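Working through the structure, step by step
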Amino acid sequence: MWYNLQKKNREKTINSVKKRFSETGRFDAFKCEWKEGDEKKPHFFWDSDVAKWIEGAAYIIEENRNEELENYVDGLVELIEKNQHKNGYFNVFYTVCEPGKEWTARRNHELYCAGHLIEAAVAYSRATKKDKFLKCMTKYADYIYKVFVEDKSADFVTGGHEEIELALVRLWEETGNKK
């Protein structure tokens, strides 16, 4: 039973979701080129959608190397690295739609999206032994620590939606970084 589900996921589901995310602009959003008046305005949870897809791709790659899938993920990682702020922040919606309003709207899932990106980076690092994505998300986690623990500069103190907690545990397990 599990074999058949994994096969279906590997052969059908991952590509079906990839096609849909391409059609809706979720992947293109990671180029961070959207501007007012353009179609397919990024939504504040698109980062988590793409991150979950990357995590799923990582689990497929870990079990069955797939160069095409891996190259696609590598392209997304390149976009993340290119568009990550110098301080480590990465969120498509706040970068292109609401710049300067980072950490002001608790319900807009910034920490939720960050958590899924971190989990995707851990999964991808484990699957491929590549560390670029993991380094980007470690930098992001360090920035989150600065904002929420050191500076206490966010407009809220809890994420509003669980996810970041589990992701930070997984990041610690992968990197050993207790921060």
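Residues numbered from 1 in each chain as written. Predicted model: local features only at pLDDT ≥ 70, side-chain atom pairs only at ≥ 80, totals over all residues. Heavy atoms only, no water.

1. Regarding helix α5 (residues 110-128)
Quick reminder of the rule: Secondary structure elements follow DSSP: runs of H or I of four or more residues count as helices, runs of E of two or more count as strands, with numbering from the N terminus. By this rule the span expected of a helix is its residue count minus one, scaled by 1.5 Å. Note on classification: 1.4 Å probe, protein chains only; a residue is buried when its accessible area is under 20% of the maximum for its type, exposed when over 50%, partly exposed between these limits.
Here α5 is 19 residues long and its end C-alpha atoms lie 27 Å apart, about the 27 Å a rise of 1.5 Å per residue gives. Buried residues dominate α5, accounting for 18 of its 19 residues. Taken from the residues just after α5, K129 is the one with a positive phi, measuring 70 degrees.

2. Details of the environment of E165
Structurally, E165 can be placed in helix α7 (residues 164-175). Here E165 falls in the partly exposed class, since its relative accessible area comes to 47%. With 122 residues separating them in the primary sequence, E165 and H43 have C-alpha atoms 23 Å apart.

3. Looking at the environment of V122
The condition is simple: Only heavy atoms matter for contacts: two residues are in contact if any of them lie within 4.5 Å across the pair.
Along the polypeptide, V122 turns up in helix α5. Residue class for V122 comes out buried when judged on its relative accessible area of 2%. For the pair V122 and E55, spaced 67 residues apart in sequence, the C-alpha to C-alpha distance is 8.4 Å. Residue contacts for V122: discarding those within four places in its chain leaves L134, R170, L171 and E174.

4. A look at the packing of aromatic side chains
Each aromatic ring pair is described using two quantities: the centre-to-centre distance and the angle formed by the ring planes. Rule in force here: Two aromatic rings from Phe, Tyr or Trp, using only the six-membered ring of Trp, form a pair when their centres are within 6.5 Å; if the ring planes differ by under 30 degrees the pair is stacked, by over 60 it is edge-to-face, and anything between is tilted.
If you walk through the whole model with that rule in mind, you get 13 aromatic pairs. Measuring from centroid to centroid gives 5.6 Å for Y89 and Y140, while their planes differ by 80 degrees, and the two rings are edge-to-face. Linking Y89 in the loop between α3 (67-83) and α4 (92-96) with Y140 in helix α6 (residues 132-150), this pair joins segments that are 51 residues apart in sequence. For Y89, a relative accessible area of 1% gives the class buried. Here Y140 falls in the buried class, since its relative accessible area comes to 0%. Aromatic side chains Y89 and Y143 sit 6.2 Å apart centroid to centroid with 80 degrees between the ring planes, which places their arrangement in the edge-to-face category. You can see Y89 sitting in the loop between α3 and α4 and its partner Y143 sitting in helix α6, a full 54 residues away along the chain. You'll find Y89 and Y143 in the same group, each marked buried. Aromatic rings pair up to connect Y89, W103, Y140, Y143, F148 and F156 into one cluster.

5. Observations concerning the packing of α5 against α7
This is how the line gets drawn: Helix axes are fitted only over the stretch in contact, all axes being lines through C-alpha atoms; the angle between N-to-C directions runs from 0 to 180 degrees. Roughly parallel here means an angle under 35 degrees, roughly antiparallel means over 145, roughly perpendicular means 65 to 115, and every remaining angle is called oblique. By the definition used in this description, the sense in which the near helix is turned from the far one sets the handedness, with an anticlockwise turn below a right angle giving left-handed and a clockwise turn giving right-handed. Here the nonpolar group is Ala, Val, Leu, Ile, Met, Phe, Trp, Tyr, Cys and Pro; Asp, Glu, Lys and Arg are the charged ones; every other residue, Gly included, is treated as polar.
Close contact between α5 and α7 brings their axes to 8 Å; oriented N to C, the two are set at 30 degrees. In this view, α5 runs roughly parallel relative to α7, as classed from their interaxial angle. Here α5 runs over α7; the crossing is left-handed. On α7, the residues that touch L111, A114, G115, I118, E119, V122, S125 and R126 of α5 are I164, L166, A167, L168, R170, L171, E173 and E174. The residue makeup of the contact of α5 with α7, split by class, is 9 nonpolar, 2 polar and 5 charged.

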